[in-house]
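Each chain, letter by letter, is given below.
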Amino acid sequence: MFNHNISRRTGRIAAFFLTLFVLLGIPSGCVVNGGKSAPVHLSGVVWGTAYNITYIPTPDVSLEQATAAITEALDAVDTVANAFNPSSEISVFNRVGYLYTPSASFVELIERSKLFNKYSYGAFEPTLAPLVDLWGFGASSKEQECPDNKAIAAAMTKVGLDKIQTTPDGTIKVLTPGVRLDFGAIAKGYGVDKVAAALTRLGIKDYIVEIGGEVRVGGQSPRGDKWAIQIDAPIPDTTGTHTRMAVLTLCEAAVATSGNYRNFRTNSSGQQVYHTISPVTGRPATSDILSATVIASRTADADALATACMVLGLKQASTMITTLTKDPEIGIYGAIFITADKEGHYTLHPVSINTRHATLSD
Ligand code: AMP
Ligand code: MG
């Protein structure tokens, strides 16, 4: 069975249990508000994190068809982008340094990565794999207390998307030996987009798809109104407890949240080591943002930017988001950042939210 863990080391042996986790599948014909059928909820574990999917079924799509389409979509992303799956494309690329015939999805991930690396002033950097490994969060991580300056400097020489080239014949190759990819900051969002597309292809218009906190909604909720999600307080916790800070009501939008409060480890000196790495320092990013939520048309883009915001900090991240929202072609609908003062009181910072796609309330 595949190991579907993309970004979280803790769940490395987690597998994909979609078919075992069908919590509620009310047959079609059961009608609720607005003439809609009762929703179907699917949940389980993928890539070491939880996923939850709710959709309103249509009469001509069976639960088995929908489940098969979702499984196929997630498997397809796994075989492309999961560095914890040794036979995936990213794993092969990381081992040999090139792909002669990359899949369309691999090419798309590279292209989106280059774009969002540029938009984020380099803060989103998927070639950080050697450093992600060094700090103990990667597919090739060995137990490591705290890497020394020499090891960090050596790993930094292998970082940079400009060290990966696509040749005219379509080959993708590294220009510097040892350059490796980590799609952990974009692949969950990309997976959400692929599941949403699979549901749309089946004719399912009303859905909410969530993988590890990255979300996309289409159509309406079972109550016939807009889908709404909760923004959690960034309380340091690895047990998955959720405390509400705000509610985000969405219309045809995707949302991704990054934060170090759920993915960190504590070294022997008692220091917390965070999984978001600064491409400038090669060390865990310690900005003033505790949680970054980005709203966009595509979940992959929101995912990449949310990670970048954690690196950039409030001032630069706000500038970046405001700039990107000005060009509607890019499809960024705003962001919400959470910071804390010295007493530990949280402040919510909404930035350039496009109210056609999202509204924030208590
Ligand atoms: P996310 O949870 O989406 O913020 O992604 C965090 C994961 O992306 C980490 O666990 C690393 O695998 C990887 N990562 C860490 N720092 C960066 C960065 N600056 N740019 C891109 N990927 C990163
Ligand atoms: Mg991300």
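Treat the numbers as computed from the prediction; the structure is a model and nothing was measured.

Cut-offs applied
Residues numbered from 1 in each chain as written. Chains lettered and ligands numbered in written order. Predicted model: local features only at pLDDT ≥ 70, side-chain atom pairs only at ≥ 80, totals over all residues. Heavy atoms only, no water. Near = heavy atom within 4 Å. Polar contact = N/O pair within 3.5 Å; in protein donor to acceptor, adjacent residues only side chain to side chain. Helix = DSSP H or I, 4+ residues; strand = E, 2+ residues; numbered from the N terminus. Nonpolar A, V, L, I, M, F, W, Y, C, P; charged D, E, K, R; others polar. Donors = N, O, S within 2.8 Å, 3.2 Å for Na, K, Ca; no water. Buried < 20%, exposed > 50% of the residue type's maximum accessible area, 1.4 Å probe, protein only. Phe/Tyr/Trp six-rings, centres within 6.5 Å; stacked < 30°, edge-to-face > 60°. pLDDT = per-residue confidence, 0-100. Contact = heavy atoms within 4.5 Å. Pairing = 2+ DSSP bridges. Axes fitted to C-alpha atoms, helices over the stretch in contact; angles between N-to-C directions. Expected span 1.5 Å × (residues − 1). Arc of directions from axis to C-beta.

Student: Would you take a moment to explain the site of ligand 1 for this structure?
Tutor: Close contacts around ligand 1 come from 17 residues, with D182, S258, H275, I277 and T307 the closest. At 3.3 Å, a backbone N or O of A185 approaches an oxygen atom of ligand 1. With three residues, the single largest contributor to the shell around ligand 1 is helix α7 (residues 299-312). Here the shell around ligand 1 is built from residues that sort into seven nonpolar, six polar and four charged.

Student: Is there a simple way to explain the coordination of the magnesium ion (ligand 2) in this structure?
Tutor: Around the magnesium ion (ligand 2), the protein contributes the donor atoms A185 (O), D303 (O), D303 (OD) and T307 (OG1), at 2.0 to 2.4 Å from the metal centre. Each donor residue of the magnesium ion (ligand 2) belongs to the same chain, and together they define the spacing A-x117-D-x3-T. On the criterion of helical spacing, the pair formed by D303 and T307 is a turn pair, its members being four residues apart in helix α7. The two residues D303 and T307 agree in class, both being buried.

Student: Whenever I open this one, the packing of aromatic side chains confuses me. Can you help?
Tutor: Aromatic ring pairs are reported here in terms of the distance separating the ring centres and the angle at which the planes meet. Overall, the coordinates contain four aromatic pairs when judged by the stated rule. Ring centres of Y98 and Y100 lie 4.8 Å apart, and the angle between their planes is 40°; this geometry places the pair in the tilted category. Using a relative accessible area of 57% as the deciding quantity, one classes Y100 as exposed. Pairing F106 with F183 gives two aromatic rings, centres 5.9 Å apart and planes at 70°, and the pair type is edge-to-face. Within this pair, whereas F106 is found in helix α3 (residues 104-119), its partner F183 is found in the loop between β6 (172-174) and α6 (187-201), the two being separated by 77 residues in sequence.

Student: Just to check I follow, could you spell out the confidence of the model for the protein chain for this structure?
Tutor: Interpretation of this model should avoid reading the predicted coordinates in detail wherever pLDDT is low. In this model, the protein chain carries a mean pLDDT of 88, and residues with pLDDT of at least 70 account for 86%. Overall, residues 1-33 carries pLDDT values under 50, and its contacts beyond four positions in sequence, including any with other chains, amount to 102 contacts.

Student: So what exactly am I meant to see when it comes to the environment of S361 here?
Tutor: Within the secondary structure layout, S361 lies in strand β17 (residues 358-361). For S361, a relative accessible area of 36% gives the class partly exposed. When the C-alpha positions of S361 and A246 are compared, they lie 5.8 Å apart, and in sequence the two are 115 residues distant. Those residues within four positions of S361 in sequence are excluded, and the remaining contacts are A246 and V247.

Student: How should I be thinking about the sheet that holds β17 in this particular structure?
Tutor: Backbone hydrogen bonds are what pair the strands of a sheet, in a parallel or an antiparallel way. Here three strands make up an open sheet; going across it, the order is β9-β10-β17 and the pairing antiparallel. Single-partner strands in this sheet number two, and they are β9 (227-232) and β17. Across this sheet, the average inter-strand angle for adjacent strands is 25°, counted without regard to direction.

Student: Whenever I open this one, helix α8 (residues 314-325) confuses me. Can you help?
Tutor: Owing to its 3.6 residues per turn, the α-helix brings residues three or four apart onto one side. End to end, α8 covers 16 Å across 12 residues, agreeing with the expected 16 Å (1.5 Å per residue, within 8%). Burial in α8 covers these residues: A317, S318, M320, I321 and L324. Summarising the axial view, the buried residues of α8 lie within an arc of 160°, below the 170-degree limit, and thus occupy one face. Where the residues of α8 are buried, they touch α3, β14 (291-296), α7, β15 (332-340) and β16 (346-351).

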